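Fold and geometry: a report
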Amino acid sequence: PKKMGGGDEAPQPVEHLLAALVGCTQATAVYVGRMMKPRLIIEKIDFNIDAYRDERGALSLPITELPTIPARLQSVSGSVAVHFKNGVEVSEEQLRILGQQTEARCPVANMMHASGCIMDIQWKNGADIH
């Protein structure tokens, strides 16, 4: 961002963090799905996520004093739509387990949660979305 001395020509570090979250979640979900019984083979995952950060945490002045607002992301919310190979039918319970185990095993999601970031991601079956 220009207000931080940049030229608005590249992603911000927080945007890289969100990209890491998406990549880690996708890789972890594929692993979890393959380990489930019966196996859930994922064809693709569509992510629709938003993040909120109070910029005052990073920009507060004077610079000699610690900010009273955290500079981290406060929340990440949205949805993950999972599409299964060959249109395999997946129960709500299987989808719940896939989402729960993926979020518990994704190192990036774990780090964000441990920082105090509220994670509110809804897992959906891509076959149910029109």
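Our subject in this report is the structure included herewith. Predicted model, so just to flag it, every value in this text is computed and none were measured.

What to know about the overall build of the chain
Assigned secondary structure in the chain consists of four helices and three strands. What you see in the chain, going N to C, is helices and strands ordered as α-β-α-β-α-α-β. Computed over its C-alpha atoms, the radius of gyration of the chain comes to 18 Å, more than 25% above the 14 Å expected for a compact globule of 130 residues. Taken over the C-alpha atoms alone, the chain extends approximately 55 × 30 × 25 Å along its principal axes. The burial tally for the chain puts 29% of its 130 residues in the buried class. In the chain, of all internal contacts separated by at least 6 residues, the share reaching a separation of at least 24 is 74%. Summed over its atoms, the accessible surface of the chain is roughly 8600 Å², and 54% of this surface lies on carbon and sulfur atoms. Treating the 13 positive side-chain charges of the chain as one cloud and the 15 negative ones as another, the clouds have centres 6 Å apart.

Side note on unusual backbone geometry
Where the residue is not glycine, phi is negative for most of them; where a peptide bond is considered, it is trans in most cases. The peptide bond linking K37 to P38 adopts the cis configuration, its omega dihedral lying at -5°. Tracing the chain through its elements places P38 in the loop between helix 1 (13-35) and strand 1 (42-52). Cis peptide bonds are those with omega within 30 degrees of zero, and the linkage from L61 to P62 qualifies with 5°.

Focus on the environment of A58
Mapped onto the elements of the fold, A58 is located in helix 2 (residues 56-59). Overall, A58 belongs to the partly exposed group, its relative accessible area being 35%. For the pair A58 and R72, spaced 14 residues apart in the sequence, the C-alpha separation amounts to 8.3 Å.

Quick notes on the pattern of salt bridges
Under the defined criterion, the tally for this structure stands at three salt bridges. A salt bridge links K44 to D46; its shortest N-O distance comes to 3.9 Å. Of the charged contacts, one joins D54 and R56 as a salt bridge, the two residues approaching to 2.6 Å between their closest N and O atoms. By relative accessible area, which is 52% here, R56 ends up exposed.

Some details on the state of the cysteines
In this structure the tally under the stated criterion is zero disulfides. Between C117, a free cysteine, and C106, which holds the nearest cysteine sulfur, the sulfur-to-sulfur gap is 12 Å. With a relative accessible area of 2%, C117 lands in the buried category.

Cut-offs applied
Residues numbered from 1 in each chain as written. Predicted model: local features only at pLDDT ≥ 70, side-chain atom pairs only at ≥ 80, totals over all residues. Heavy atoms only, no water. Helix = DSSP H or I, 4+ residues; strand = E, 2+ residues; numbered from the N terminus. Rg over C-alpha atoms; globule rule 2.2 N^0.38 Å. Buried < 20%, exposed > 50% of the residue type's maximum accessible area, 1.4 Å probe, protein only. Contact = heavy atoms within 4.5 Å. Areas by Shrake-Rupley, 256 points an atom, 1.4 Å probe, with all protein chains shown as cover. Lys, Arg positive; Asp, Glu negative; His and termini not counted. Charge placed at Lys NZ, Arg CZ, Asp CG, Glu CD. Salt bridge = Lys/Arg side-chain N within 4 Å of Asp/Glu carboxyl O. Disulfide = S-S within 2.5 Å.

That is the geometry; function is a separate question.
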